[in-house]
Each structure stands twice: as C-alpha cells, then as structure tokens.
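Fold and geometry: a report
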Amino acid sequence: MTEAFIVDAIRTPVGRRGGGLAHAHPADMAAAVLAALVDRTGIDPEVVDDVVLGCLDQVGPQSGDIARTAWLAAGLPESVPGTTVDRQCGSSQQALHFAAQGVMSGTQDLVVAGGTQNMSRIPIMGGMAAGAMFEDDTDPWSGSVGWRKRYGDEEVSQFRGAELMADRWDIDRDEMERFALQSHHRAIAAIDEGRFEREILPFEQVVHDEGPRRDTSLERLQGLKTLAPGGRLTAGVASQISDGASAMLVASEAAVERYGLTPRARVHHLDVRGADPIEVLSAPIPATRRALERTGMTMDDIDLVEINEAFAPVVLAWAKELSVDEAKINVNGGAIALGHPLGATGTRLMTTLLHELERTGGRFGLQTMCEGGGMANVTIIERLG
C-alpha cells in the first residue's frame, strides 16, 4: 500500500455569525481556497483526480454537490470531478480520509480534500435531521420505526449529549468555563503572535478569525444563562456558529516524484468509530483508543492534539479518559473561541495542526472530533522535514 502525503493546506479566516463572511456564497469561499491551493503548490489542476469536500445541510446555496460547484467557480478544469461528504461535524475530516484512502489504494495520485460552510446563511439543521427519526402523527411518511424500537423516544440533540457527558464525567460549570476562557486566551495569543498567518487566505477583506473575544472573562461566562433549566452548559462553553472554508492537497509517492512536490506530512493512520447516538458526543474516546491500539502508539507519542471543541465537556472528558496533558491540546485555541463552520472544521483543524507541528518541531499530531449520530474520526499525521 502506497503512502499518502499532505502537500499543502490552507483555509479562510473563520467568520463569526453575521460577520465578514456572512454574505459569501459557500461555493465562492471554497473556490478561493481551492484556487489558492493550486497556485501555492504549482500543480497542474488537470492532473487532480478528484475533489472531496465536506458540507452539512446541503440545501440552498450549499446544495447540488458543492465540491463540483466550487471547483468550477474557481475557474478550474471541467475534467476534474468533485463529490460532497456529510459525516456531520467530521465531514471534511472524512473528506481527508477518503482522499488519503484513494491515494493509499493506488487508484488515485492527487486528491483535494476540504470543506465549506456558511452558517450565517444556512443555520444548523441538525435538529430537523434528528427529528426524522421520530414519528409525527400528522405525517405518515415521517419517523423511523426501527429507531424508535431500538432507542425509544429519547431526545437526541448535541445539547443534551453535552449535558449527559458533563454529568457522566462529573465536569462542573466552573471547570468548563475555565476551559472556555483558556480557549479564547490561546486563540488571541496565536493571532497576536501571527501563528495563523501562513495558513489563512484573507477573504472578503477578512484577515483574522473573528470568533475570539478579547473582552471575555470568567465573570462574564459565569453570568450567562444555562441552555437548559437546571443544566450546566451555557453558550459560553459551546462552539460558535461560523462561516469558512478549508482545503488540502493529498498526493501519492509517485505524484510527489512526478510533479516535484514537497510533502509536509505523512498520513500515519486513519480511523472512524461509532458510540452511543443518544450521548452523541463521546465517540472520540473509543475512537482514539482504537487508533492507538491499531498503531501501537500511546498519547505520549503524540506531540500535539486538535480535538474539536463542540462543547467543553467533549474535550475535558476525552482528556480525563486518556490522561492527556492539556498543554498539548488545542494549543492555539479551539472552536469555543475560533468557531466551528461545520463542514469546513475538519480540514481547518488539520491545517492548523500541520502548521503548528512545523512551528514547534513536533513529529506526530492527532486530530479527532465528535459527530452527529455518535461518531468520531481520528487522524494521525507525521510531520516531515
């Protein structure tokens, strides 16, 4: 089996809801990073085998196989196909997996992976999707009989899942809010030190990520209302609704030699697993354990981690279960501060992980994220050079 290499990775800034990217068409955001990726790598776009983009809620401007639309909107060759993936929040991480698997299988040599999402224009519709599992007495076509037979009428939502995790791992509000504050502080420090400059393509006159709040404080977080009566979670410990796009080029060994490319990282391991769909958000724990078992690695071998901060308890429970030092988790902040443009977040995290490994000289990086339906992808990369 051939190796898969990451040649380059780029992203737009992450725009906050109603911010600088709010009116950008999601295909145009993706087109910008696709065109920049081709330009930066110097690759002839005609030789790209496929374009795989993640995107959730594929309606309106995000419908119609936006991977194909974005490639064409970038003015790139009509001969190159595209396909769009929905593995919920992990969609573009899964796009990277499909790209790497195509290369590792020997059937493809150059694949673009990425994602795009404009949540300002298309609000998250996960609740509607979850509702499709349940029957509506007024609609004979609605609901899954098999789902109800297996799981009953339990509420399925990311918000309830986060509360369930906070309860199960005994994570109190103060711990979550201190973690959220740290996410903002780390993101602000990264912006001020220019850590994101190499990975960000300015778009629509937006240069920096818009999510981090310089005026946030523990006192402000403590003053927020809980999302549910008697609950522990507030909006302050949840990921932000955001807009953005990201992309990376994956190449085979043969393509690296043939086109004179310089790979920046090697895809060391790919994994995806499922867990309790009612708890929804805990799958990164068993998925990471499985990845470590299959590679013979431990978390001591991992220099940096990017785990999506969908909600604070996702990261805190994962770190407790796997005994991971928080000093190497989301060192430049996470989605609580930087935002979570659903379909783009997977390769956004990987883009940041790659650049931070290079900045710090780390060797191995691990990325994981919770996904709707109780799933999680895990990717381990090895920095080269």
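These numbers were taken from a predicted model, which means no experiment stands behind them.

When helices and strands are tallied, the chain shows 13 helices and 10 strands. Against the 2.2 N^0.38 benchmark of 21 Å for 385 residues, the chain shows a C-alpha radius of gyration of 20 Å, consistent with a compact globule. Out of the 385 residues in the chain, the part that is buried amounts to 58%. Summarising the internal contacts of the chain: among those between residues at least 6 apart in sequence, 80% fall at separations of at least 24. For the chain, the computed accessible surface area is about 15,200 Å², with 48% contributed by carbon and sulfur atoms. Looking at charge distribution, the chain has the averaged site of its 35 positive side-chain charges lying 3 Å from that of its 55 negative ones.

Let us now look at unusual backbone geometry. Although it is not a glycine, Asp 57 sits at a positive phi angle of roughly 50°. With respect to the secondary-structure elements, Asp 57 resides in the loop between strand 3 (50-54) and helix 2 (66-73). For Asp 57, a relative accessible area of 14% gives the class buried. Positive phi outside glycine occurs at Asn 330, with the angle close to 45°.

Moving on, we come to the packing of helix 3 (residues 91-104) against helix 13 (residues 342-360). Where helix 3 meets helix 13, the axes come as close as 5 Å, and the angle between the chain directions of the two elements is 65°. Between helix 3 and helix 13, the residues in contact are Ser 91, Ser 92, Gln 93 and Leu 96 and Gly 343, Ala 344, Thr 345, Gly 346, Thr 347 and Met 350, respectively. Looking at the contact of helix 3 with helix 13, its residues break down into 3 nonpolar, 7 polar and no charged.

This paragraph deals with the packing of aromatic side chains. The geometry of an aromatic ring pair is captured by two quantities: the separation of the ring centres and the angle between the planes. Under the definition given, this model contains 2 aromatic pairs. Taking 4.5 Å as the distance between ring centres and 40° as the angle between the ring planes, the aromatic pair formed by Trp 147 and Tyr 151 counts as tilted. Of this pair, Trp 147 and Tyr 151 both sit in helix 5 (residues 145-151), 4 residues apart, roughly one helical turn. What makes Tyr 151 partly exposed here is its relative accessible area of 22%.

One finds Met 299 and Trp 318 to be the most contacted residues of the largest nonpolar core, which totals 48 residues. Listed by contribution, the elements that provide at least two residues to this core are helix 6 (158-168), helix 7 (173-192), helix 8 (218-222), helix 10 (284-295), strand 8 (304-307), helix 11 (312-322), strand 9 (364-371) and strand 10 (375-383). Among the elements that line this core, the one with the most residues is helix 11, at 8 residues. Those residues in contact with Met 299, other than ones at most four positions away along the chain, are Thr 288, Leu 292, Val 305, Trp 318, Leu 322, Val 324, Lys 328 and Leu 366. Ile 10, Trp 71, Val 80 and Ala 255 belong to the second largest nonpolar core, which has 33 residues in total.

Ile 66, Ala 67, Ala 70 and Trp 71 are the residues of helix 2 that are buried. Viewed along the axis of helix 2, the buried residues span an arc of 140°, placing them on a single side of the element. Of the surrounding secondary structure, the elements contacted by the buried residues of helix 2 are helix 1 (26-41), strand 3, strand 4 (82-85) and strand 5 (110-118). Of the residues one or two after helix 2, Gly 75 is the one with positive phi, at around 80°.

In an α-helix, one turn spans 3.6 residues; hence positions three or four apart end up facing the same way. Buried residues dominate helix 11, accounting for 9 of its 11 residues. Looking at helix 11, one finds that the buried residues are Ala 312, Pro 313, Val 314, Val 315, Leu 316, Ala 317, Trp 318, Ala 319 and Leu 322. Along its buried surface, helix 11 packs onto helix 6, helix 7, helix 10, strand 8, helix 12 (335-338) and strand 9.

Now for the pattern of salt bridges. Counted by the stated rule, this structure contains 25 salt bridges. A salt bridge links Arg 266 to Glu 3; the nearest nitrogen and oxygen atoms lie 3.4 Å apart. One end of the pair, Arg 266, is in strand 7 (residues 265-274); the other, Glu 3, is in the segment before strand 1 (4-11), and 263 residues separate them in sequence. Take Glu 3: its relative accessible area is 27%, and that puts it in the partly exposed class. Two residues, Glu 279 and Arg 168, come together in a salt bridge whose shortest N-O distance is 2.8 Å. Of the two residues, Glu 279 sits in the loop between strand 7 and helix 10 while Arg 168 sits in helix 6, which places them 111 residues apart along the sequence. The class for Glu 279 is buried, based on a relative accessible area of 7%. Residue class for Arg 168 comes out exposed when judged on its relative accessible area of 54%. A single network of salt bridges, built from pairs that share partners, joins Asp 8, Arg 40, Arg 198, Arg 264 and Glu 358.

This paragraph deals with the state of the cysteines. Under the defined criterion, the tally for this structure stands at 0 disulfides. The cysteine Cys 89 is free of any disulfide, with Cys 370 supplying the nearest cysteine sulfur at 6.1 Å.

It is worth spelling out the pairing of strand 8 at this point. Here strand 8 shows two buried faces, one formed by Leu 304 and Glu 306 and the other by Val 305 and Ile 307. The sheet contact formed by strand 8 and strand 9 spans 4 bridges and is parallel. The residue bridging Ile 307 from the neighbouring strand is Thr 368, located in strand 9.

Attention now goes to the environment of Ala 275. As for its placement among the helices and strands, Ala 275 is situated in the loop between strand 7 and helix 10. Expressed as a C-alpha distance, the spacing of Ala 275 and Ile 66, which sit 209 residues apart in the sequence, is 29 Å. Apart from residues lying up to four places away in sequence, Ala 275 is in contact with Ser 282, Ala 283, Pro 286, Gly 373 and Gly 374.

Parameters at a glance
Residues numbered from 1 in each chain as written. Predicted model: local features only at pLDDT ≥ 70, side-chain atom pairs only at ≥ 80, totals over all residues. Heavy atoms only, no water. Helix = DSSP H or I, 4+ residues; strand = E, 2+ residues; numbered from the N terminus. Rg over C-alpha atoms; globule rule 2.2 N^0.38 Å. Buried < 20%, exposed > 50% of the residue type's maximum accessible area, 1.4 Å probe, protein only. Contact = heavy atoms within 4.5 Å. Areas by Shrake-Rupley, 256 points an atom, 1.4 Å probe, with all protein chains shown as cover. Lys, Arg positive; Asp, Glu negative; His and termini not counted. Charge placed at Lys NZ, Arg CZ, Asp CG, Glu CD. Axes fitted to C-alpha atoms, helices over the stretch in contact; angles between N-to-C directions. Nonpolar A, V, L, I, M, F, W, Y, C, P; charged D, E, K, R; others polar. Phe/Tyr/Trp six-rings, centres within 6.5 Å; stacked < 30°, edge-to-face > 60°. Core = buried A, V, L, I, M, F, W, Y, C linked by side-chain atoms within 4.5 Å. Arc of directions from axis to C-beta. Salt bridge = Lys/Arg side-chain N within 4 Å of Asp/Glu carboxyl O. Disulfide = S-S within 2.5 Å. Pairing = 2+ DSSP bridges.

Shape is all these values report; function is a separate question.
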